[in-house]
Amino acid sequence: MEDKKFYITTPIFYANARLHMGHTYTLVLADILARYHRAQGDQTFFLTGADEHGEKIARTARGEGVGPQAFVNEKAASFKELLRKLSISDDAFIRTSDQITHWPGAAKLWHSLVAAGDIYKGSYKGLYCIGCEAFVTEKELMDGKCQLHDTPPEKVEEENYFFKLSRYTDALKRAIEEGSLRITPKSKANEMLAFLGEGLADVSVSRPIGVIPWGIPVPDDPTQVMYVWCDALSSYLSALGYGGSDEKNLSTFWPADVQVLGKDIVRFHAILWPALLMAAGLALPKELLVHGFVTSGGKKMSKTIGNVLLPEDFLSEYGVDALRYYLAREVSPTEDWDLTREKFKEVYNANLANGLGNLVSRTLKMAEQYFDGEISGDLASVPPIRTHAGATETLGELAGLNIPYLVVNDILPRYHSHMRAGEIHRAADAIWELIGHLDQFITDYEPFKLVKTDQETTEKVLIGLLYGLREISVMLAPFLPDTAGKVAELIGASSSGNIIVFSAHTPTEPLFKRKE
Ligand code: MSP
């Protein structure tokens, strides 16, 4: 098999507040794809990190009476702690205040822009939204306020460096139209094309050090610091060693295969970022996977409303896999979605305590009670499914087909194609479809009755069930790594060709306890 590489990134998170469920979604989505590609044998690099410079962070630190470095150190440490609790399998965590790993890359990018003749000094007079860390125009405001942050932008008038973004309008259009820069979903690509259709203006890419002392100094001009978005975007490269003494990872992994981001920062990633890369003579990321926003109780999460949902609220009560399940399956990656504790509990009980948990415990209990857990046989001998509740149109008439056939010919191919397309909720649906078929299989044969009259068929039914669970554990691994490992361990499967052997035992406690 051809060796493939897979480089996936999340945006780096502003180190000014705790990570809430919106940020958690970005992380879990990227982690599931990273784990999937690793399991497929792709040489995988999964990057996340902290965005530590800029006015917003400097101000928050000042407000708390701490120096900015000490402030971000503490935030970055708490982010890393949360990543472990969320079972995030990042290969690197980049911090933009890290002068050793990040600054050389940011400086190299700047030098490349200068060498391309794309940087010139100018003066900027206009508006700046600190929440967005972005220069904004009047027409982007609603009642004089930033639509995203609901705050009026500040008026600024300053000398700074500009980047000739306008030069790249046509090249960006082409890249998006031709799909060399794929933006998923398509609606976001169209939005960007419409935006490009209006023509691009050059953008300011530095700020005077007197105004923003907290940032990376512009190479060769100590009176300016790099604009925080240029600094932050370059972390996707610096994390691979760009600008450092060893650029081996850069040549292995760049361009990124998938960059995951939320819909609020599409322009930075679909316009500014590829333009910077073009100027620097670097390849563009292959795909930007743009996800929607989580709201809480129908409203944007905000401290003032008091509806901010934190991952910790769910982790302590339900555990990490339940949280990952919710984010992976109950949410469409490209749409907005609402989260409430009630909804969370409802799907937890229906699909984890009942659906998956119940199937695992029933199957293992029967295997242990009837056969001491030792079961083996030929997959071809598994009897056919008789009724097909939940069968999809693509399955057509299934009568006469057994579980292994169904898995190999229908469920697995769909699962893989959805995973490759980043449609993790659909891939998860395929897993739960199989759970539905296995439940149906139990209803069809009633092995708990059958065992009294026909041990041989009962064993074959159990082979079908255990085989199904083994496949579930493999498909589930990127989503619910702990649970998948437990299921695999409880089943104890090994196979050679069509012959499969199980050495199963029952769990000491349920995988997911029902919540009242
Ligand atoms: N620091 C910038 C990114 C720089 S990348 C070079 C930033 N940080 S952020 O902390 O504000 O956001 C990080 C990610 O979390 C973004 O993908 C953002 O869209 C996502 N989310 C923040 N709030 C969100 C929701 N309420 N819902 C879903 N995702 C949201 O932007």
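Residues numbered from 1 in each chain as written. Predicted model: local features only at pLDDT ≥ 70, side-chain atom pairs only at ≥ 80, totals over all residues. Heavy atoms only, no water.

Near the ligand there are 23 residues, and of these Ile-12, Asp-51, Gly-262, Asp-264 and Val-294 occur at the shortest range. One nitrogen or oxygen atom from the side chain of Asp-264 is found 2.5 Å from an oxygen atom belonging to the ligand. In isolation the ligand exposes 660 Å². Once the protein is present, 94% of that is buried. For the shell around the ligand, the secondary structure elements donating two or more residues are β2 (13–14), α1 (21–39), α7 (228–233) and β15 (258–262). (Near = heavy atom within 4 Å. Polar contact = N/O pair within 3.5 Å; in protein donor to acceptor, adjacent residues only side chain to side chain. Areas by Shrake-Rupley, 256 points an atom, 1.4 Å probe, with all protein chains shown as cover. Helix = DSSP H or I, 4+ residues; strand = E, 2+ residues; numbered from the N terminus.)

Let's shift gears to the packing of aromatic side chains. Under the defined criterion, the tally for this structure stands at 24 aromatic pairs. On the numbers, 6.4 Å between centres and 45° between planes, the contact of Tyr-326 with Trp-337 is tilted. Linking Tyr-326 in helix α12 (residues 320–329) with Trp-337 in strand β19 (residues 337–339), this pair joins segments that are eleven residues apart in sequence. Each member of the pair, Tyr-326 together with Trp-337, is buried. Taken together through their ring pairs, the aromatic side chains of Tyr-25, Phe-314, Tyr-318, Tyr-326, Trp-337, Phe-344, Tyr-348 and Phe-512 make up a single cluster. Sitting above the plane of the Phe-195 ring, Arg-267 keeps its charged end 3.8 Å from the centroid. (Phe/Tyr/Trp six-rings, centres within 6.5 Å; stacked < 30°, edge-to-face > 60°. Buried < 20%, exposed > 50% of the residue type's maximum accessible area, 1.4 Å probe, protein only. Lys NZ or Arg CZ within 6 Å of the ring centre and 35° of its normal.)

Pairing is antiparallel in the open sheet, where three strands are placed in the order β20-β22-β21. A strand with exactly one partner marks an edge of an open sheet, and here the two such strands are β20 (374–378) and β21 (493–496). Neighbour to neighbour, the strand axes of the sheet diverge by 15° on average, direction disregarded. Sheet topology places β20 next to strand β22 (residues 499–503); five bridges connect them, and they run antiparallel. (Pairing = 2+ DSSP bridges. Axes fitted to C-alpha atoms, helices over the stretch in contact; angles between N-to-C directions.)

Moving on, we come to unusual backbone geometry. Across residues other than glycine, the phi torsion is negative in most instances, and most of the peptide bonds are trans. Cis geometry marks the peptide bond from Thr-184 to Pro-185, where omega comes out at 0°. Cis geometry is found at the peptide bond from Trp-254 to Pro-255, where omega equals 5°. Inspection of the secondary structure puts Pro-255 in the loop between α9 (248–253) and β15. A positive phi angle, close to 50°, is found at Glu-133, a residue other than glycine. With respect to the secondary-structure elements, Glu-133 resides in the loop between β5 (119–129) and β6 (134–136). In this structure Glu-133 comes out as buried when scored by relative accessible area, which is 1%. Even without being glycine, Glu-446 reaches a positive phi, approximately 40°. Here Glu-446 is to be found in the loop between α15 (424–445) and α16 (447–450).

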